[in-house]
Amino acid sequence: MKIYADDQLLATGLRGGTLSRHTGNMRETAAQTPVYQALDIPADKILHIHQTHSDKIILISSPSEAQALAQQPAQEADAWVLANCPGWGAAILTADCVPLFLWDTTGNFFALAHCGWRGVVRQLPYKTAEALKQAGAKGPLFAYLGPHIQKCCFEVQADTACQFSPQSVLTQNNKFFVDLTTEIRLQLEKAGLTAKNIHAPAYCTCCDKDNFFSWRRDHIRQNLLSFIYKPL
Ligand SMILES: [Zn+2]
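Here the structure is a predicted model, which means the values were calculated and not measured.

**Q** Would you explain the overall build of the chain in this entry?
**A** Scanning the chain from terminus to terminus reveals eight helices and 16 strands. Each principal axis of the C-alpha atoms in the chain carries an extent, and together these give about 55 × 35 × 30 Å. Restricting to contacts in the chain with at least 6 residues of sequence separation, those with at least 24 account for 67%. Of the roughly 10200 Å² of accessible surface on the chain, 50% is carried by carbon and sulfur atoms. Averaged over its 21 positive side-chain charges, the chain has a centre that lies 1 Å from the centre of its 20 negative ones.

**Q** Looking at this structure, I do not really get the environment of Leu 224. What am I missing?
**A** Structurally, Leu 224 is set in strand β16 (residues 224–229). On the basis of relative accessibility, which here comes to 1%, the residue Leu 224 falls in the buried class. In sequence terms Leu 224 and Cys 97 are 127 residues apart; their C-alpha atoms lie 10.0 Å from each other. Ignoring anything within four residues of it in the chain, the contact list for Leu 224 reads Thr 18, Leu 19, Ser 20, Arg 21, Met 26, Ile 92, Leu 93, Thr 94, Thr 205, Asn 211, Phe 212 and Phe 213.

**Q** How should I be thinking about the state of the cysteines in this particular structure?
**A** Linking two cysteines covalently through their sulfur atoms gives a disulfide. Here the structure, examined in full by the defined rule, presents zero disulfides. Among the cysteines around Cys 206, which has no disulfide bond, Cys 153 carries the closest sulfur, lying 3.9 Å off. Note on Cys 206: relative accessible area 12%, which makes it buried.

**Q** Is there a simple way to explain unusual backbone geometry in this structure?
**A** For the bond from Gly 139 to Pro 140, the omega torsion is -5°, close enough to zero to count as cis. By the secondary structure assignment, Pro 140 is in the loop between α5 (124–134) and β11 (141–145). The backbone of Asn 84 sits at a positive phi, close to 55°, despite the residue not being glycine. The residue Asn 84 is located in the loop between β7 (79–83) and β8 (89–94) in this model. For Asn 84, a relative accessible area of 39% corresponds to the partly exposed category. Positive phi, close to 50°, is recorded for Asn 173, a residue that is not glycine. Mapped onto the elements, Asn 173 comes out in the loop between β13 (169–172) and β14 (175–178). According to the relative accessible area criterion, Asn 173 is exposed, its value standing at 74%.

**Q** Can you walk me through the nonpolar core in this structure?
**A** Buried together is how nonpolar side chains tend to be arranged in soluble globular proteins. Membership of the largest hydrophobic core comes to 34 residues, with the highest contact counts inside it found for Leu 100, Leu 102 and Leu 188. At the level of elements, β7, β9 (98–104), β10 (109–115), α5, β11 and α7 (180–190) are the ones that each hand at least two residues to this core. What Leu 188 contacts, discounting residues up to four positions off in sequence, is Leu 100, Leu 102, Pro 125, Ala 129, Ala 143, Leu 145, Leu 193 and Ile 198. The next biggest cluster of nonpolar side chains, apart from the first, holds 26 residues, and it includes Ala 77, Phe 142, Tyr 144 and Phe 213.

**Q** I'm lost on the coordination of the zinc ion in this one. Help?
**A** Each angle at a metal carrying four tetrahedral donors should ideally be 109.5 degrees, and each at a metal carrying six octahedral donors should ideally be 90 or 180 degrees. Protein-derived coordination of the zinc ion comes from Cys 152 (SG), Cys 153 (SG), Cys 204 (SG) and Cys 207 (SG), at a distance range of 2.2 to 2.3 Å. Coordination geometry of the zinc ion: the four donor atoms subtend angles of 101 to 116° at the metal centre, consistent with an arrangement described as tetrahedral. The sequence pattern formed by the donor residues of the zinc ion is C-C-x50-C-x2-C. With a gap of 52 residues between them, Cys 152 in the loop between β11 and β12 (155–156) and Cys 204 in the loop between β15 (198–199) and α8 (215–218) connect regions that are remote in the sequence. Judged by its relative accessible area of 6%, Cys 204 falls in the buried class.

**Q** What exactly am I supposed to notice about the side chain of Asp 179 here?
**A** Tracing the backbone shows Asp 179 in the loop between β14 and α7. Of the side chains with opposite charge, Lys 151 comes closest to the buried, unpaired Asp 179, at an N-O distance of 4.2 Å. Here the side chain of Asp 179 touches Thr 181 through a polar contact of 3.1 Å, landing on its backbone nitrogen. Engagement of the side chain of Asp 179 in a polar contact is seen with the side chain of Thr 182, the distance being 2.7 Å. Those residues in contact with Asp 179 that lie beyond four places of it in its chain are Lys 151, Ser 168 and Leu 170.

Reading the values: the criteria
Residues numbered from 1 in each chain as written. Predicted model: local features only at pLDDT ≥ 70, side-chain atom pairs only at ≥ 80, totals over all residues. Heavy atoms only, no water. Helix = DSSP H or I, 4+ residues; strand = E, 2+ residues; numbered from the N terminus. Contact = heavy atoms within 4.5 Å. Areas by Shrake-Rupley, 256 points an atom, 1.4 Å probe, with all protein chains shown as cover. Lys, Arg positive; Asp, Glu negative; His and termini not counted. Charge placed at Lys NZ, Arg CZ, Asp CG, Glu CD. Buried < 20%, exposed > 50% of the residue type's maximum accessible area, 1.4 Å probe, protein only. Disulfide = S-S within 2.5 Å. Core = buried A, V, L, I, M, F, W, Y, C linked by side-chain atoms within 4.5 Å. Donors = N, O, S within 2.8 Å, 3.2 Å for Na, K, Ca; no water. Tetrahedral: all angles 85-135°; square planar, octahedral: opposite > 155°, others 65-115°. Salt bridge = Lys/Arg side-chain N within 4 Å of Asp/Glu carboxyl O. Polar contact = N/O pair within 3.5 Å; in protein donor to acceptor, adjacent residues only side chain to side chain.

Structure (structure tokens):
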């Protein structure tokens, strides 16, 4: 199993990352169960959301809150903040959007956000980092941007490009390309993260067909799984 993960995240004792496409389409929760079993992670302790490209964040502050939520149908939201929830984790799905992992040095506070361009324009990365701090995370915070569509492939129309910071838009031959990595970096730095604590390897889901699904490339509803989990 190939997992794109961040060494510093794993060093806190957290588990998590983004799976390559080799494990198959993770769009259905049932498809994810064998993956968690193979990783020796309890699948019923991983929370799911119904993603809508919003800026809505679900905060879970205790294992009992997590347990209550796990018994309900998935709510509409695009980010998780888990505070003091050992034995619990959360998942999101992507296919070009950015899986954004945030955590503190104790590993007791962590977040996972599904950041498509609409969520990024709605400041979801900034709001998720702020929510993590409000939940009690003490600095420094760290971030990992999992595999996502890079500026090489993310061409947009002018009316989309103009919604981003000028630093995050490249213009070539009258075409506009959005750099989601740069835009998310700017938002996280606004929330107080230092540049060196934001890790963003340049894996492009659209360029690398061997390893990733890509909506932009294939227009098929196939998703990569990202998860984060705090073992007991
Ligand atoms: Zn690319």
